[in-house]
Amino acid sequence: MTYDSRDVEQILQIALTDKQEGEFSREQLVEMASELGISSNILEKTEQKWLAQQEEESSRRTFNTFRSRGFWAHFVCFLAVNLFLILLNLITSPSYFWAIFPVLGWGLGLFFHWWSVYQTKTEDYEIAFQKWRTQI
């Protein structure tokens, strides 16, 4: 039976998980790489690439949390102000429901805010992320 590189990677990953629950030291990583015929240069480059990916993922999580909090603050303001306007409308002129206009207008803005926050696979998201990243 023959295995392609993806199969070998998956088998070894499962074996490593089964063998040792916990963490590996840097020395163990170097030793495993040398046993697999991976040079120290390749291992170093791969490790740096992995660390950069981890930092990128961490930055994206922080950015998503930042944007999500902004949306929820906007949502709370929307609820508070529009509930006040609806109550004011019902008290002052119950025959004409004028509060629907600010509710609909602001609701449309709130929808677009939600859309921009939770659509993370768009070019606009990438632009906003890169801009945020340069500001921190």
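Keep in mind it's a predicted model, so treat the numbers as computed, not measured. (Residues numbered from 1 in each chain as written. Predicted model: local features only at pLDDT ≥ 70, side-chain atom pairs only at ≥ 80, totals over all residues. Heavy atoms only, no water.)

A. The packing of helix α3 (residues 40–92) against helix α4 (residues 100–118), seen in detail. At a minimum axis distance of 10 Å, the contact between α3 and α4 shows a crossing angle of 170°. Compared by their axis directions, α3 and α4 come out roughly antiparallel. Tallied by class, residues from the contact of α3 with α4 come to 15 nonpolar, eight polar and one charged. (Axes fitted to C-alpha atoms, helices over the stretch in contact; angles between N-to-C directions. Helix = DSSP H or I, 4+ residues; strand = E, 2+ residues; numbered from the N terminus. Parallel < 35°, antiparallel > 145°, perpendicular 65-115°, else oblique. Nonpolar A, V, L, I, M, F, W, Y, C, P; charged D, E, K, R; others polar.)

B. Spatial organisation of the nonpolar core. Listed in full, the five residues of the largest apolar core are Phe 71, Phe 78, Val 103, Leu 110 and Val 117. Broken down by element, the residue count for this core peaks at three residues, all from α4. In contact with Phe 78, not counting residues within four places along its chain, are Val 103, Trp 106, Gly 107 and Leu 110. (Core = buried A, V, L, I, M, F, W, Y, C linked by side-chain atoms within 4.5 Å. Buried < 20%, exposed > 50% of the residue type's maximum accessible area, 1.4 Å probe, protein only. Contact = heavy atoms within 4.5 Å.)

C. A look at helix α5 (residues 123–135). For α5, with 13 residues, the first-to-last C-alpha span of 19 Å sits near the 18 Å given by 1.5 Å per residue. Lining the buried residues of α5 we find α3. (Expected span 1.5 Å × (residues − 1).)

D. Structural detail: the pattern of salt bridges. Taken as a whole and judged by the stated rule, the model has five salt bridges. Across the salt bridge formed by Arg 60 and Glu 56, the nearest N and O atoms sit 2.9 Å from each other. Separated by four residues within a single helix, Arg 60 and Glu 56 lie in helix α3, roughly one turn from each other. A salt bridge links Arg 133 to Glu 56, with the shortest nitrogen-to-oxygen separation between them at 2.7 Å. Remark: Glu 56 occurs in helix α3 and Arg 133 occurs in helix α5; sequence separation between them is 77 residues. Classification of Arg 133 by relative accessible area gives partly exposed; the value is 25%. The exposure class assigned to Glu 56 is partly exposed, which follows from its relative accessible area of 22%. (Salt bridge = Lys/Arg side-chain N within 4 Å of Asp/Glu carboxyl O.)

By themselves, these observations are geometric and do not establish any function.
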